[in-house]
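Commentary on secondary and tertiary structure
Below are the chains, spelled out letter by letter.
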Amino acid sequence: MEQIIILDFGSPYTQLIARRVRECKVYCLIKPYTTAAAEIATLKPRGLILSGGPLSASAANAPRPDPAIYQLGVPVLGIAYGLQVMALELGGGLEPAAQREYGKVTLKLSGTESALFRNVEAQTQVWSSPGGRLSRLPEGFIGIGSTPHSDPAAVEEPRRRFYGVQFHPEVVHSLHGYQMLSNFVHEVCGCGESWTMQAYRRQAIEQIRAQVGDEHVILGLSGGVDSSVAAVLLQEAIGERLTCIFVNNGLLRAGEAESVRDLFCRNFNIRLHYEDASELFLSRLAGVTDPEKKRAVIGNSFIEVFEAAQKKVGHARFLAQGTVYPDVIESIAADGNPATLVKSHHNVGGLPSEMRFELVEPFRYLFKDEVRELGEVLGLSRELVWRQPFPGPGLGVRLVGEITPERLRILREADAIVTEEMRRSDWYYKVWQSFAVLLPVRSVGVKGDLRTYEETVALRVVESLDGMTADWVRLPYELLEVISRRILSEVPGVSRVCYDISHKPPSTIEWE
């Protein structure tokens, strides 16, 4: 199968590059920058992409790839740090930028005919964040594009088919970025369109069967998109050797436990074991306010409950999870790269170091929209496939501060109103996520001519393609008014409703 290899230098956008390449229907594999050229050669890639990274390529401790990668005879595309390290290793020079660009800038192409920029406008918006400028190009390289403070901002060496850009074509803010990456994989590398979700479905089933063999698997089913699609995929792969365990951790949304049990037992005929551990979780979370400690408590308790439930459902060697790429990216340095931790997820950073189960994670390198597409391929309903993401720790990370039964009640009731009104107004499927957050802030109010001093609810509504970047949604004022009025009048204990207008980055989608 045709594939592109991405060498990861620690950029938080590395997996976005992979996502864009897959959108071109070309398979790609992310490898750490330390991967030897000889190992890469055995994979027979059609091309290499060198990712961005958090450091300057001229720094003493800057990560460097095996220089033999440039002798593999395949096209290379360097992105930001990837361009800089390629230029230095091939004899170019790098110096600090007089004025660093960060954010949206205009790329002006030189007019030189280049396969990388075929069907790209002569002037286009790109997302730039270079840590330096190229002071000298390697032999054979020419500049083919510039930005206001970076000239050149795009280079090529046509004989060896080496290309480099000082910006990030993989992010949505680079308006023709997808076209550039498509040009690289199709025009430069000569790849076809052989990788689809149908192909991934077959590949994933084969991998699950190869990994699991004749053993049994248990899956933590939350009722969300990831675990639901994983359950159906696993059932297709191993049939009755799958048992789903649904844990009520006391942090679920209104009516969630009942709807999940009804859906999977009746509609999918999947073996489901229900475990009500709400008292255990809430007792261990009492007094815990630090977000990372919350996640660790929830993660550790989750595995403990699973190990106890396993004795009830029978022996299982494997634990399946609906872990997706953004979980991994934000929780750990994936594949040993130097990326910085953003926050741990209960199914990644919150797992105990010693665990009896071996993990099965068929979506570990898929993005949310790819999981949705796979769900459609598997025949799941639109309502389930396009359900909004819900964090594994549940309302525990949407309740900022101490978790108590009373504060959970307030958040659960407020969140139910948000969901109900978003569905009623037909906005639910237009956005990525919409939910309520309970803040550790009390404010003065007046109800029934009496002074109150009650809780504050924040509304978070964002649009996104993959969960890696997000923008706040400009909901109609009339809808915001209805949601606010209902929360203030129907949820005892709330005196104020606020609207979160923060982007990701620098904010995250969830508050904790």
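Residues numbered from 1 in each chain as written. Predicted model: local features only at pLDDT ≥ 70, side-chain atom pairs only at ≥ 80, totals over all residues. Heavy atoms only, no water.

**A short note on the packing of aromatic side chains**
A full pass over the atoms with the stated rule returns eight aromatic pairs. Geometrically, the ring pair formed by F9 and Y33 is stacked, given 5.5 Å between the ring centres and 20° between the ring planes. With F9 in the loop between β1 (3–8) and α1 (14–23) and Y33 in the loop between β2 (27–32) and α2 (37–43), this pair connects stretches of sequence that are 24 residues apart. Each member of the pair, F9 as well as Y33, is classed as buried. An aromatic cluster is defined as three or more aromatic residues linked by ring pairs; in this entry it consists of F9, Y33 and Y81. (Phe/Tyr/Trp six-rings, centres within 6.5 Å; stacked < 30°, edge-to-face > 60°. Helix = DSSP H or I, 4+ residues; strand = E, 2+ residues; numbered from the N terminus. Buried < 20%, exposed > 50% of the residue type's maximum accessible area, 1.4 Å probe, protein only.)

**Some remarks on the side chain of E361**
With respect to the helices and strands, the residue E361 is situated in the loop between β16 (358–360) and α11 (368–377). Of the polar contacts made by the side chain of E361, one reaches the side chain of Q321; its length is 3.1 Å. (Polar contact = N/O pair within 3.5 Å; in protein donor to acceptor, adjacent residues only side chain to side chain.)

**Thoughts on the sheet that holds strand β7 (residues 123–128)**
Spatial strand order, β2-β1-β3-β4-β11-β10-β9-β6-β7: nine strands in an open sheet with mixed pairing. Taken across any chain shown, the strands that pair with only one partner, and hence form the sheet edges, are β2 and β7. Strand after strand, the sheet turns through a mean of 25° between neighbouring axes, direction not considered. Pairing analysis gives six bridges linking β1 to β2, with the strands arranged parallel. Directly across from I4, in β2, lies its bridge partner C28. The strands that α1 touches are β1, β2, β3 (47–50) and β4 (76–79); relative to β2, the one it contacts most, it runs at about 160°. Set on the sheet, helix α3 (residues 81–89) makes contact with β3, β4, β10 (150–157) and β11 (162–165); between it and β4 the angle comes to about 120°. (Pairing = 2+ DSSP bridges. Axes fitted to C-alpha atoms, helices over the stretch in contact; angles between N-to-C directions. Contact = heavy atoms within 4.5 Å.)

**Some remarks on the pairing of strand β14 (residues 272–276)**
Alternating positions in β14 separate cleanly, H273 and E275 being buried on one face and L272, Y274 and D276 remaining unburied on the opposite face. Sheet topology places strand β13 (residues 242–248) next to β14; five bridges connect them, and they run parallel. If you follow N248 over to β14, its bridge partner there is D276. Handedness of the crossover joining β13 and β14 through helix α7 (residues 256–267) is recorded here as right-handed. (Right-handed = clockwise from strand over helix to strand, strands pointing away.)

**Describing the layout of surface pockets**
Empty space within the second largest pocket amounts to approximately 500 Å³. The set of elements that each furnish at least two residues to the lining of the second largest pocket consists of α7, α12 (382–385), α13 (405–424) and β17 (433–447). Across the lining of the second largest pocket, the residue classes break down as eight nonpolar, seven polar and seven charged. (1 Å grid on protein atoms, 1.4 Å probe; cavity = no way out; pocket = protein on both sides within 12 Å on 5 of 7 lines; lining within 4 Å. Points joined across faces, edges and corners; volume = space filled by probe spheres on them. Nonpolar A, V, L, I, M, F, W, Y, C, P; charged D, E, K, R; others polar.)

**A short note on the environment of G322**
Its place among the elements puts G322 in the loop between β15 (318–320) and α10 (325–331). Sequence separation between G322 and Y33 is 289 residues; the distance between their C-alpha atoms is 27 Å. Ignoring sequence-local partners within four residues, the contact set of G322 consists of D226, S227 and F363.

**Re helix α6 (residues 225–238)**
Taking 1.5 Å per residue as the helical rise, α6 with its 14 residues ought to reach 20 Å, and the 20 Å between its terminal C-alpha atoms agrees with that figure. Across the 14 residues that make up α6, a large majority, 12, are buried. Buried within α6 are the following residues: V225, D226, S227, S228, V229, A230, A231, V232, L233, L234, A237 and I238. Phi turns positive one or two residues past the end of α6, at G239, with a value near 60°. (Expected span 1.5 Å × (residues − 1).)

**Concerning the nonpolar core**
Judged by nonpolar contacts, the single largest core of 43 residues is most densely connected at F306, M422, V457, L459 and I487. Secondary structure elements with two or more residues in this core: β13, α8 (278–285), α9 (291–313), α13, β17, β18 (450–463), α14 (477–490) and β20 (494–499). Apart from residues lying up to four places away in sequence, V457 is in contact with A414, A436, V437, L438, I487, V494, R496, V497 and C498. (Core = buried A, V, L, I, M, F, W, Y, C linked by side-chain atoms within 4.5 Å.)

**Quick look at the side chain of R19**
Following the sequence through the fold, R19 ends up in helix α1. For R19, the contacting residues outside a window of four places in its chain are F367, D369, L465 and D466.

**Things to note about the pattern of salt bridges**
According to the stated counting rule, one finds 33 salt bridges in the structure shown. Of the charged contacts, one joins R133 and E95 as a salt bridge, the two residues approaching to 2.4 Å between their closest N and O atoms. In this pair, R133 sits in strand β8 (residues 133–136) while E95 sits in strand β5 (residues 93–95), placing the two residues 38 residues apart along the sequence. Among the residues examined, E95 registers a relative accessible area of 33% and is labelled partly exposed. Put simply, E420, E421, R424, R486 and E490 are held in one network by salt bridges that share partners. (Salt bridge = Lys/Arg side-chain N within 4 Å of Asp/Glu carboxyl O.)

**Description of the packing of helix α5 (residues 197–212) against α6**
Close contact between α5 and α6 brings their axes to 9 Å; oriented N to C, the two are set at 65°. When you trace α5 past α6, the crossing you get is right-handed. Here R201, A204, I205, I208, R209 and V212 of α5 lie close against α6, whose contacting residues are L233, L234, E236, A237 and I238. Each residue belonging to the contact of α5 with α6 can be placed in one class, and the counts come to eight nonpolar, no polar and three charged. (Left-handed = near helix turned anticlockwise from the far one by under 90°.)

**Re the sheet that holds strand β12 (residues 217–220)**
Ordered by their spatial adjacency, five strands build an open sheet running β14-β13-β12-β15-β16, and the pairing between neighbours is parallel. Both outer strands of the open sheet, β14 and β16, are each paired with one neighbouring strand and no more. Each neighbouring strand pair of the sheet contributes to a mean axis angle of 30°, computed without reference to strand direction. The pairing of β15 with β16 spans three bridges and is classified as parallel. Following the sheet pairing, A320 is matched in β16 by V360.

**Some details on the pairing of β18**
Burial of β18 is extensive: 10 of the 14 residues sit out of reach of the surface. Two elements, β17 and β18, share 13 bridges in a ladder whose sense is antiparallel. By the bridge assignment for β18, K447 is matched with L450. Between β17 and the antiparallel strand that follows it, β18, lie two residues; G448 among them carries a positive phi value of about 60°. Alignment of β18 against β20, held across five bridges, turns out to be parallel. Note on β20: the bridge partner recorded for L459 is Y499. By the bridge criterion, two bridges tie β18 to strand β19 (residues 471–472) in an arrangement that is antiparallel. Bridging from a neighbouring strand, V462 pairs with W472 of β19.

Just distances and angles here, no functional claims.
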